[in-house]
Every structure is written in C-alpha cells, then in structure tokens.
Amino acid sequence: MPALLAATLLLLCAAGWSVIVLQQRLFVQHDRELEVRELTGTIRHLDEVLTMSARMAAATGDVRWEGRYREHEPALDAAIKALIAIAPVAFATDLGHETDAANQKLVAMENRAFEFVRAGDLAAARHELFSQDYENEKRIYAAGMDRAEEALRRFVMSQNGSLRTQFFVLAIAFATAVVVTLGTWIYAARLRAGMVERLAAQRIVAMEAATQAKSEFLANMSHEIRTPMTAILGYSDLLNDPQQSAEERATCVQVIRRNGDHLLTIINDILDLSKLEAGKMHVERLPSSPLQVASEVVAALSVRAAAKGIGLSFEPVFPLPPTIDSDPIRLRQVLLNLVGNAIKFTEKGSVTVRLSYDATNECRGVLRCDVRDSGIGMTSAQLAALFRPFTQADSSMTRRFGGTGLGLSISKRLVELLGGRILVTSEPGVGSTFTVALAIESTNGAPIVVTDRALPEARPAEPPTAGVTALAGRILLAEDGPDTQRLLGFHLRRAGAEVVIASNGRAAADLALESGAGFDLILMDMQMPELDGYAATALLRSKRYQGPIIALTAHAMQGDRDQCIAAGCTDYLTKPIDRERLLRVCADYLPRRAA
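This is a predicted model, so every value here is computed, not measured.

**Q** Would you mind going over the overall build of the protein with me for this structure?
**A** Within the protein, the secondary structure is distributed over 16 helices and 12 strands. Here the protein, with 595 residues, has 39% of them falling under the buried criterion. Taking the contacts inside the protein whose residues are at least 6 apart along the sequence as the reference set, 72% of them involve residues at least 24 apart. About 32700 Å² of surface is accessible on the protein, with carbon and sulfur atoms providing 57% of the total.

**Q** Even after reading the chapter, I still don't get helix 4 (residues 122-129), so can you show me in this structure?
**A** Since the α-helix turns once every 3.6 residues, residues separated by three or four places project in the same direction. Within the sequence span of helix 4, burial applies to A124, A125, E128 and L129. The buried residues of helix 4 occupy an angular sector of 125° when the element is viewed end-on, so they sit on one face. Exposed residues pointing more than 90 degrees away from the buried face of helix 4 are listed as A123 and H127.

**Q** What exactly am I supposed to notice about helix 9 (residues 328-344) here?
**A** Over its 17 residues, helix 9 extends 24 Å from the first C-alpha to the last, a length consistent with the 24 Å expected when each residue adds 1.5 Å. Of all 17 residues in helix 9, 12 are buried; the element is thus mostly enclosed. Listed in full, the buried residues belonging to helix 9 are P328, R330, L331, V334, L335, N337, L338, V339, G340, N341, A342 and I343. The N-capping residue of helix 9, defined by a side-chain oxygen 3.1 Å from the backbone nitrogen of I329, is D327.

**Q** How do you make sense of the pairing of strand 4 (residues 350-361) when you look at a structure like this?
**A** As a general feature of sheets, a regular strand has side chains that alternate between the two faces. As paired elements, strand 2 (residues 311-316) and strand 4 share six bridges and run parallel to each other. Bridged to S313 within strand 4 is T352. Sheet topology note: the strand 4/strand 5 (residues 364-373) ladder contains 10 bridges and is antiparallel. Bridged to D358 within strand 5 is V366. Here strand 4 folds back onto strand 5 in antiparallel fashion, the turn holding two residues.

**Q** Is there a simple way to think about the layout of surface pockets in this case?
**A** Any empty space left between the atoms is revealed when a probe the size of a water molecule rolls over them. Considering only enclosed or pocket space, the second largest pocket measures out at about 590 Å³ in volume. Every residue lining the second largest pocket is counted, 17 residues in all, and those nearest its centre are R37, E38, A200, R203 and M207. Mapped by element, the contributors of at least two residues to the lining of the second largest pocket are helix 1 (2-60) and helix 6 (175-239). No other element matches helix 6, which puts nine residues into the lining of the second largest pocket. Partitioned by chemical class, the residues of the lining of the second largest pocket number seven nonpolar, four polar and six charged.

**Q** Mind showing me how you'd approach the packing of aromatic side chains here?
**A** For any pair of aromatic rings, geometry is given as the distance between the ring centres together with the angle between the planes. Counted according to the given criterion, the structure contains one aromatic pair. Relative to F114, the ring of Y69 lies with its centre 4.8 Å away and its plane at 70°, an arrangement referred to as edge-to-face. With a gap of 45 residues between them, Y69 in helix 2 (residues 64-86) and F114 in helix 3 (residues 88-118) connect regions that are remote in the sequence. Assessed through its relative accessible area of 1%, F114 is described here as buried. Directly above the ring of F130 sits R55, whose terminal nitrogen or CZ lies 4.8 Å from the centroid.

**Q** Where do I start with the pattern of salt bridges in this structure?
**A** Side chains that differ in sign of charge can pair as their charged atoms come close. All chains considered together, the criterion is met by 18 salt bridges. Between E135 and R55 there is a salt bridge; the shortest N-O distance is 2.3 Å. Here R55 lies in helix 1 and E135 lies in helix 5 (residues 132-173), a separation of 80 residues in the sequence. Here the salt bridges share partners, and the residues they tie into one network are E66, R70, E73 and R118.

**Q** Explanation requested: the packing of helix 12 (residues 482-494) against helix 16 (residues 579-589) in the structure shown.
**A** Running from amino to carboxyl end, helix 12 crosses helix 16 at an angle of 55°, the nearest separation of the two axes being 11 Å. Judged by the angle between their axes, helix 12 and helix 16 are oblique. With respect to the hand of their crossing, helix 12 and helix 16 are arranged in right-handed fashion. Residues L488, H491, L492 and R494 of helix 12 pack against R579, L582, L583 and C586 of helix 16.

**Q** What exactly am I supposed to notice about empty space enclosed by the protein here?
**A** Within this structure, the stated rule accounts for one cavity of 30 Å³ or more. Volume-wise, the largest cavity comes out at about 60 Å³. In terms of lining, the largest cavity is formed by P290, A294, L331, L335, L355, L367, C369, V436 and L438. Secondary structure elements with two or more residues in the lining of the largest cavity: helix 8 (290-308), helix 9, strand 5 and strand 7 (431-441). A class-by-class count of the residues in the lining of the largest cavity yields nine nonpolar, no polar and no charged.

Criteria and cut-off values
- Residues numbered from 1 in each chain as written.
- Predicted model: local features only at pLDDT ≥ 70, side-chain atom pairs only at ≥ 80, totals over all residues.
- Heavy atoms only, no water.
- Helix = DSSP H or I, 4+ residues; strand = E, 2+ residues; numbered from the N terminus.
- Buried < 20%, exposed > 50% of the residue type's maximum accessible area, 1.4 Å probe, protein only.
- Contact = heavy atoms within 4.5 Å.
- Areas by Shrake-Rupley, 256 points an atom, 1.4 Å probe, with all protein chains shown as cover.
- Arc of directions from axis to C-beta.
- Expected span 1.5 Å × (residues − 1).
- Polar contact = N/O pair within 3.5 Å; in protein donor to acceptor, adjacent residues only side chain to side chain.
- Pairing = 2+ DSSP bridges.
- 1 Å grid on protein atoms, 1.4 Å probe; cavity = no way out; pocket = protein on both sides within 12 Å on 5 of 7 lines; lining within 4 Å.
- Points joined across faces, edges and corners; volume = space filled by probe spheres on them.
- Nonpolar A, V, L, I, M, F, W, Y, C, P; charged D, E, K, R; others polar.
- Phe/Tyr/Trp six-rings, centres within 6.5 Å; stacked < 30°, edge-to-face > 60°.
- Lys NZ or Arg CZ within 6 Å of the ring centre and 35° of its normal.
- Salt bridge = Lys/Arg side-chain N within 4 Å of Asp/Glu carboxyl O.
- Axes fitted to C-alpha atoms, helices over the stretch in contact; angles between N-to-C directions.
- Parallel < 35°, antiparallel > 145°, perpendicular 65-115°, else oblique.
- Left-handed = near helix turned anticlockwise from the far one by under 90°.

Spelled out as structure tokens, the structure:
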C-alpha cells in the first residue's frame, strides 16, 4: 500500500508537473501566434513602404526615396527570417517558388526603376513600376503571402491542438490535478484573450485615426501645391499669347513669381519639419535685438494687413533688454508665422504685437511677445490639436483660409529649441492671443541691462537694385537640364562672363582637365548622368585641379553642404538659384573686372 500510494503520488506529481509544463507551452504558443500576426503585418507594411518609396522616386525623380527604400530593406529581410524561424516547414512549403520568383521580379523591377531615376529617365522608371507586369507580380506575391499566412496560422493552431490533446488525456487520467490546473488555464486564457481583443480594438481605432489624418493631409497638400501650380502654368500660357500687352505680361510674371515663392515656402516648411523630426535642427546663440526683430516683422507684414483693411500695431513695453542671446533668424521665423496667421484669420478689427520683459532679478527674466487678434477664435477642442503637424483648427474641405498646417508645429519646436514655450488663449468669435515666452539669463553672471528708451524702429528691407553684378572670366557650367542651362547661361553671359556648357559630370571633368581650357570657375550640378557632381569633383581634385568649384544642388537638408565641401567643392548654392546670389558668389571667385 505505501508503495502504491507512493506510486500514485508520484504519478499525480508527474501529472501536475506535466500540466504546468503544458500550460506554459500553451502560453508560449499563444504568444507565437501573436508574433506570427505581427510579423506578417510588418512584412506587408514594409513591402508597401518599399513599393511606395520606389514609386515616389519614379514619380518625383528624388533619389532620396531610394535611401528610404534601402533603409527598410534590411528590416523586411529580418522580419521574413524571423517568420521562417517560427515555422520553417510551413512557411517554406506554402510560400512556394512562384511567390519567391514574383518577389525577385519585383525587386529587379524596383532596382531597374532606381537606375532609371538616377539616370534621369523618369518615364522609364514609371513604366517599370506602374506597368501591368508589375501589378501582376504584386498580385502573385500578395496571394503567396496570403497562403503563407494561412499556413502559418494552421501550423500554430495544429501545435496548439496537439498540446490540448495531451492536456485532456492527462485530465481524464488524473482528474483532480487536471481540474485545478484546467481552471487556472481557462482563467488565464480568457484573461489573455480579452487583453488581445482590447489591444486589437485599440489598434484598429489608432489605424483608422492615422488613415484619416493621412488622407486629410494629402488632400490639403494637394490643394496647397496644385493651387499655385495652376496659376504658374496658366499665366505661363498667357505669356505665350501674342495679343498680351507689356503691362499684362508684367502682371503675368509677377503672378508666376508670387506663386513660385509660395511653393518654395511650402517646401521649406516641410524641410524644417523633417529637420526637427530628425533632431538635426540647430539654433544659434548670437546677440540679438528683440525690439528690432519684432519691429521688422511688423513692418514686413504691414502691407498684407493694410490690403485686408485691418490694423496692425506694435506695442513695445519698456524697459526692454537691448540684446539677448538667441537666434534672430529663427525668432523672426516664429514671429512671422504667428503674426501672419493672426492677419490671415482676422477678417475685421486689428492685430496687436506686444513686446514686454518680466524681470525675476537683474540676471534673469522672461521676454514675452504677445500676438493678439480679433479674428475667428478657436474652441477648446481645436486648441487641443493646434500644434500637431499637418493640423489646422478647421480641417474641412471647405475651409476658407488654406495653409499646410505645418507652421505652428514648426514654431512651437523652434521656440522650445530657443529655451522657451508658446502659450495660446482663444475664444470663438472674439479672437486669439499667442504668447512666445523666452527665458533670458545672463551667460556670465553680469546684470541684464534694460533700457527705457525706444530703439529706432526697423524698416522693411530696401528692394534690391535693378543693376546686374558684373563678371569677368571663363566659367564652365556643368548642368544636365536644358532649361537650367539656358537660364543660368543667360544670367552669367549677361553679367559679362564667358560660359561653356557640359551636360554631364564626365564631360565637365574632361573639359576642365583639357590642356589650355583655362576655366576661372566651375559651377557643378551634383545630380547628373554618367558621373554625378560629387564624383566629378572628387576626380578633378584627385588630378590636382586647383580652381574653385561651386556646387549647385536641390538638396537643402542638414549636412548637404558639408557633403559637397567634403567632395572637394569650394562653395555651395541651393536650387532654385537666385540670380543675384549666383552672381555675387561667382564674383567672389572670379578675377575682378578692370575699372
């Protein structure tokens, strides 16, 4: 009897241990099922990211999309390997050679498309990625992934079924031990299932909100970009009308220039936000006059306010610090955005800019700039979403005021980089007040000197003179775009320079290295076929070419200038090229024209 009891107890202990082990394995399998779902979802998402990156590169010609493509490729490979590690047999069996072949064809098409983009042949790139063959391979690949996902689900379910069978066999043989363990397992399984359902519901809500925000942003950006583009294209057609008078042609040019400037502002906002998101936006700490910055902003926008028939006033409250350590360019950018918004959203009444200083002690204080308007105002719900990127208080399709929804988000982050914050109060139908509060502190412990005397108000910058900077010398212009060749060549020749055109980097290097070519300056586009500007410049420097080389590039992100200088360039100009800046920079490196 003792031996039987001992054997029974041993069997019960073994059953209990087996139940515990089985319970843990079931939890592991459940986690694996969730992991399979997440991995398959990740693979689908990354596949769409790669497709979108390739198609955006083909649609825009921007080679930076290829960088995003290459950045996500390793993540997709890692996710597929992780999926294979979970269920290698099922995955390898059900994915099939046909799906793998489709994937290889897709990768090959995308790589060919990137080659076409780098070569500047966007039509060929679009043909690769928007063709019926590409869509067919996508469908084959998607169908294969569906089969693979179903196979993985069956694989995990079969594993769960096997464990449950063992579990119930032990439950029948050893009822007491199994019943207790089964109750615990049921409770835990239900708890986990409920958690999974709640998480799934939250994920669906978040995805729907993200999709809605994306749709609104794309619609908004489409409107903001297409509207000035419509004016540019339309008035360009009017310029070709021989019946247009000289005055009408001048009006067309003004409209085209104004809408071009608006497009450039949108692009700059997007670039600024990209720098802020990447943590690569840097601000200076220079002695700056807050009174001068604020008064210049008011002076610059006074014409816009007058055109709407509303008042724009500046109220400095003395004493004020004559200078602060800050970034005057970024501070001006913030105030231009806030005052510009106040004018835009005010139909009648006035906008007031009030500058004041609250001293904590003689070495520390807070500089405040209040922008108060009598405009449409905002509700508390609108205020809560005000500083989110791509968001406006009125995001409906029929909004009257336009805008990308980037300005306030950029302004908020810039102010935070400057060591301050933006506050806002508003009442619908009454108006809004935006306050920029900057903490001012003496860097060397010396008192912050304040003044009761008003400093001279800043005046709007004088318009540039109509004269053209005179040039003397021989310039090699390396540029593959025919329109840009004609435009830059016209400006340079009109200024007095002799210009030789090279349509790619290889031709530019050959011309510069020719015996007796005698170029005084090279203007080098950094994106060209055969040999790009970086490689051409590096080649020239390796051949001991000592002449000045100025980079011409549409890349205006943080670090792009350093990349050009590292390649051997002497200076750097960003596109679109401003005529006067182009001529001034060229004059700095060309021989001086004799008087």
